[in-house]
Amino acid sequence: MKKILFFCFALLLVLGYFIFDAFLFKDKDANFSPPQCDLNARDCSYIFNGKEISISLQPKPLQAMQNLNLEIKNLAHYDDLELRVYGLNMFMGEIKPKLIAAQNGYRAEIFLPACVLDTMLYRAEFFQKGKALGFHFDFELRR
């Protein structure tokens, strides 16, 4: 009897995982193609509000479980600017590094968790007073 109960419980856990993964954390409309610019290889530039914004993540290549230094250049000053980093192809929580105003931009330190996937696709999105600013960049973290 205990073996049957254990088997049923294990089966429910496995089914629950697949249902949870398939419906709650998958954005069916998301495009999970690789980013236009590879922050693992070089710094990247993006156009936002008519300005060229430079993004740098160091050290390269990007690694999980180590501090990454983010530098954002030429982004205008915003009151209460917030950065949220989250996974696009798997839910890994939401990382909210502290942005520090620097000369001609911002800097932050990001610590990304390890993942079972070979390539984790992250989005770094900027918010002001809780509302999306309209600027984000995507990057890959490879195992």
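Predicted, not measured: the structure shown is a model, and the values here were computed from it.

### Looking at the packing of aromatic side chains
Then, number 1: Enumeration according to the criterion identifies seven aromatic pairs in this entry.
Then, number 2: Relative to Phe135, the ring of Tyr46 has its centre 6.2 Å away and its plane inclined at 70 degrees; by these criteria the two rings are edge-to-face. Residue Tyr46 is found in strand β1 (residues 44-48), and its partner Phe135 is found in strand β9 (residues 131-142); the two are separated by 89 residues along the sequence.
Then, number 3: Under the relative-accessibility criterion, Tyr46 is labelled buried at 13%.
Then, number 4: The class of Phe135 is buried, set by a relative accessible area of 3%.
Then, number 5: Ring pairs connect the aromatic residues Tyr46, Phe48, Tyr122, Phe126, Phe135, Phe137 and Phe139, which therefore count as one cluster.

### Some remarks on the nonpolar core
Then, number 1: Ranked by internal contacts, the top residues of the largest apolar core, which has 34 residues, are Leu75, Phe126 and Phe139.
Then, number 2: If you list the elements that add at least two residues to this core, you get β1, β2 (51-58), β3 (67-73), β4 (81-87), β7 (105-111), β8 (119-128) and β9.
Then, number 3: Examining the composition of this core, we find that five residues originate from one element, β9, more than from any other.
Then, number 4: When near neighbours in sequence (up to four residues on either side) are disregarded, Leu75 contacts Phe48, Ile53, Leu81, Asn104, Gly105, Tyr106, Phe126 and Phe135.

Parameters and conventions
- Residues numbered from 1 in each chain as written.
- Predicted model: local features only at pLDDT ≥ 70, side-chain atom pairs only at ≥ 80, totals over all residues.
- Heavy atoms only, no water.
- Phe/Tyr/Trp six-rings, centres within 6.5 Å; stacked < 30°, edge-to-face > 60°.
- Helix = DSSP H or I, 4+ residues; strand = E, 2+ residues; numbered from the N terminus.
- Buried < 20%, exposed > 50% of the residue type's maximum accessible area, 1.4 Å probe, protein only.
- Core = buried A, V, L, I, M, F, W, Y, C linked by side-chain atoms within 4.5 Å.
- Contact = heavy atoms within 4.5 Å.

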